[in-house]
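# Working through the structure, step by step
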Amino acid sequence: MGANDWEDLMNRAFGSGGRLRLDGLGQKPKQQSGQQEPKPAAPPTVQDLEQMQKTLNAQLERQAKEISQLGGELTRTLQQDGLLTEGQAQAARREAEAPKADGADFTGLAERLGETVLGQPAYLQKLVLAFKRPFVMGTGGKAARNVILIHGPSGTGRKLALKTLAEELARRGLISGPQIAWVDLGLYPGPAQEKLFLQDLYAALCGPGQIVAFTRYERCHPGFLNTLAALLQTGQAPLNSRYAVQKGMLVDVGTALVPQAVSALTPEGKYLVLISEKGPEALADKLGAGVVNALGDICATGPFDPASLIAIAAKGLNQLAQKAKDRLQLTLTAGEPVRDLAAAQANSGRGAAPVTEFCDRCFRALSEYKLQKDPAPGTPAALSVENGRVLAAFGDQPPMDLLGLVRGEYTGAVQQVEEELDQIVGLAPVKDYVRSLKDSVEVRQRRAQAGMKTAGLSMHMIFAGNPGTGKTTIARLVGKYLKAIGALSGGQLVEVTRADLVGRYVGHTAPLTNQVIRSALGGVLFIDEAYSLYRGKEDSFGLEAIDTLVKGMEDHREDLVVILAGYSKEMEQFLTANSGLASRFPNQIEFPDYTGEELWQITQIAAKNKGYRLAEGCQPLITDYFVKAQAENAAQNGNGRLARNKLEEAILNQSRRLVAQPDAPLDELLPGDFELEDQQP
C-alpha cells in the first residue's frame, strides 16, 4: 500500500473530529460531476471490518518502526538546532534505548564470547546473564540498567570479555553501540581533582554507548567514592555545588543563577560496571555494604587450568603465524614444545598476560630479522625450543636464538645511579641501604607475579646526622634510584622546609601542605630540618602540617616517599609530635661525620670538578687540619661544607698569587694557598 492509498484509507475510515466512519469503509470515493453514478455498494461485512482492522494495525506498526528509527537522528538534529535541551535529548535517548524483552536474542552469546575469551566459561555465562537481566526484569527512566561487579586475578580476561560482549550486543541490536566509557578512579586520589572527577563522570554517563566501567576504585579519594556509592545505590548522586551543562561539559557556575542547572547525576539508563581484582568484601570496605547490596550481579574470573593455558598459547601462536604471513611475508611453523613454552609463561599473579607478551616478543624478533636480512617472500621460519630458548630456522639457515634479536630492557639508569653512589666518599652503611631497596622492590614484584601476598613496602626514611654529611645528595639519588628500579613513577626530589609547609594564618597550612605533597607525587618529598615543624604542643600550625603530612603519606603510600632530615637528637623529639609518625618511618639511617681522610678525598674531587689539581705536599697538611676540626666540633664545622669552603678560600688565594707570579700554572693549588700552617680549626 502506497502513501496515497494510506491517506485514502484514513479519510474513508475517519470523519471530522476523528470519529470512525463505518458507512464509507470499503467504498470508493464519489464520482465527480458529469460522471456516471455507480451502483450503491453493499454494506461492509464483518469479514471486511476485520480485514480493514488488520490493514490499519499493520500500517500503524510499520510507521511506528519508521518513526523509532528516525528518532535518534531527529533527536540529534533538534538538539543541534537548539529546539531540544540537553535534558530533553537525554530523555528521548533513554526512551529509545530502553531494553525491551520482545525480540531480545541472547542465544549462544556466551559460546560466542568463548571463541575470544578462553578458559572462563562460568564467568562468561554470568556476564551474559548480567546484561540480559534488565531485558527480563525491566528498568525505567534514568535508573541503571544493572549494577555489576567483575572481579578476579589480572590477566584472566575480565576487560576483554566486556569489550567483546559490548561489540556482540551492539551487533545484535541489543544496545545502541559498542562504546564503553572507561573511568579510571585512580586518577582522582585527592580533593583537588573534584571538578575533574565530576566532569569525567558526567561525560561517561551522558556519552555514547550504554556501558560505564569503573576501574581502580581502591585508589580513589574517599569523598568521590561517596558520590559513586550514592549513584550505585540510589540512582542519584547529589552535587554539593551549582553546576550547569555548557557545550556538553559539566561546569561549576558557583553562585550564578542559570537555567536548567544540574543538581544531581543519574545513571542515564546505562549499565554500571565495577572492575577490580578484589571481591565484594573489599568493595564493602571501601564503598559500604549498601553498594554490595545494590549489585545486580557479581561475575568472577578464576585462575586458568593447564588445558586452558595450552589453548590460549595455541591461539596466540596461530595469530602470530597469521601476522607473520600478512606483515612480514614469512611462513611460520611452531610445534608443541613452542606452544608449551608459551603456556609456561603464565603465572597466577598476571594470568595469561605473559603468554600474549611472549608472542609479541616473538613477533618483534621476527620483524627485526625481516629488517636486517630482508628474506624473500614466503621464506619458511620454523620455531623450536632448546634449553628453554626459542630457536628459529629461516629457510635453510641453521637455527638461531630468536629472542636474542630483540633489544633487552634498558638498565642504564640503574647503572648510572650506581656509579654516582660509588663516587660519593664514605657513607658505606648508607650506600648499602640504598642498594638494598632494589632487592626489596624486586622480591615484592616477583611475589606479586607469582600470585603471592605482598606486604606494603614502606620506603619513608629519616636521615639523621650533622650538617654537610650528604643527606640531600643521597636523597636526590634515592629518588632517581627508585624510579630506575620501577618503584616510583617520577623520581623527582621536592626539597622543602617548615616555611614551605606551615601557613601564616588559620586554614592556610593544610592546603599549603597538600599542595607540596601533590607536587612530590611519583617522587621524593625531602623535608630538611624537619624537627622545626614541631615547636611544642602550642604550635598549632606546625601540628596541623604534621597531621596533614601523615594523612597524605597514607593516601599516597604507593606513589610517594617522604624523607625527613635533621639532627639525631632533635629528630627523636620530633617523632613524638604525632602518634602515627614514628610507625610510618621504619627506616632511620644515621649519617656519620666524615673523617679527616674522607674530607681530603672530597676536597680532591671538588677541585678536579672545578678544573684544579692539588700539588704534592697538600695532603698531609689538609688531612691533619680536617682531623682536628672534626675532633673539635664536627656539627659546627660543617663536615663536607668545611672541605668545600677551604677549597674556595684556596682558589681565591691562588688568584692573588698568580697576579704576582704570572708564569705559575693556572690549575695548580699549592699548600700555601690553603694557609693552614697557622690556622686553627
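Preceding this section is the structure that the text describes.
Residues numbered from 1 in each chain as written. Predicted model: local features only at pLDDT ≥ 70, side-chain atom pairs only at ≥ 80, totals over all residues. Heavy atoms only, no water.

## Let's talk about the environment of Leu-198
Within the fold, Leu-198 resides in helix H7 (residues 194–206). With residues near it in sequence (within four places) discarded, Leu-198 still touches Thr-227, Leu-239, Tyr-243, Leu-250 and Leu-265. (Helix = DSSP H or I, 4+ residues; strand = E, 2+ residues; numbered from the N terminus. Contact = heavy atoms within 4.5 Å.)

## Observations regarding helix H13 (residues 353–373)
The end-to-end C-alpha distance of H13 is 30 Å, a good match for the 30 Å that 21 residues give at a rise of 1.5 Å each. The inward-facing, buried residues of H13 contact helix H11 (306–328), strand S9 (330–334), helix H12 (336–343), strand S11 (389–394) and strand S12 (400–401). Once H13 ends, the next one or two residues include Asp-374, with phi positive near 50°. (Expected span 1.5 Å × (residues − 1).)

## Some details on the packing of H11 against H13
At a minimum axis distance of 10 Å, the contact between H11 and H13 shows a crossing angle of 25°. Relative to H13, the element H11 lies roughly parallel. Where H11 crosses over H13, the two elements pack in a sense that is right-handed. Contact residues: Ile-312, Ala-313, Gly-316, Leu-317, Leu-320, Lys-323, Ala-324, Arg-327 and Leu-328 in H11; Val-355, Cys-359, Cys-362, Phe-363, Leu-366, Ser-367 and Lys-370 in H13. Along the lines of polarity and charge, the residues of the contact of H11 with H13 split into 11 nonpolar, two polar and three charged. (Axes fitted to C-alpha atoms, helices over the stretch in contact; angles between N-to-C directions. Parallel < 35°, antiparallel > 145°, perpendicular 65-115°, else oblique. Left-handed = near helix turned anticlockwise from the far one by under 90°. Nonpolar A, V, L, I, M, F, W, Y, C, P; charged D, E, K, R; others polar.)

## As for the packing of aromatic side chains
Taken as a whole and judged by the stated rule, the model has eight aromatic pairs. When the ring of Phe-463 is compared with that of Phe-591, the centres are 4.8 Å apart and the planes differ by 50°; the resulting orientation is tilted. With Phe-463 in strand S13 (residues 461–465) and Phe-591 in strand S17 (residues 587–591), this residue pair connects regions lying 128 residues apart in the sequence. By the burial criterion, Phe-463 is buried, and Phe-591 matches it. Through pairs of rings, three or more aromatic residues link up here, namely Tyr-188, Phe-197 and Phe-224. (Phe/Tyr/Trp six-rings, centres within 6.5 Å; stacked < 30°, edge-to-face > 60°. Buried < 20%, exposed > 50% of the residue type's maximum accessible area, 1.4 Å probe, protein only.)

## Some words on the pattern of salt bridges
Any two side chains of opposite charge can pair, given that their charged atoms come close. Inspection of every chain in the model, using the stated rule, returns 15 salt bridges. A salt bridge links Arg-216 to Asp-184, with the nearest nitrogen and oxygen atoms 2.8 Å apart. Pair noted here: Arg-216 is in the loop between strand S3 (211–215) and helix H8 (222–234) and Asp-184 is in strand S2 (residues 180–184), with a separation of 32 residues, a long-range link. For Arg-613, the salt bridge goes to Glu-668, with nearest N and O atoms at 3.4 Å. Of the two residues, Arg-613 sits in strand S18 (residues 613–614) while Glu-668 sits in strand S19 (residues 668–669), which places them 55 residues apart along the sequence. When salt bridges with common partners are traced through the structure, they connect Arg-112, Glu-115, Glu-168, Arg-171 and Arg-172 into a single cluster. (Salt bridge = Lys/Arg side-chain N within 4 Å of Asp/Glu carboxyl O.)

## A short note on the sheet that holds strand S5 (residues 249–252)
As summarised here, the arrangement of the three strands in space is S5-S4-S6, forming an open sheet in which the pairing is antiparallel. A single partner strand is all that each edge strand has here, and the edge strands are S5 and strand S6 (262–265). Adjacent strand axes in the sheet meet at a mean angle of 65° when their direction is disregarded. Inspection of the sheet shows strand S4 (residues 237–246) paired to S6 by three bridges, in the antiparallel sense. Across the sheet, Tyr-243 pairs through a bridge with Val-262, a residue of S6. Sitting on the sheet, H7 touches S4, S5 and S6, and the angle it makes with S5 is about 150°. (Pairing = 2+ DSSP bridges.)

Interpretation note: all reported values are geometric properties and have no functional meaning in isolation.
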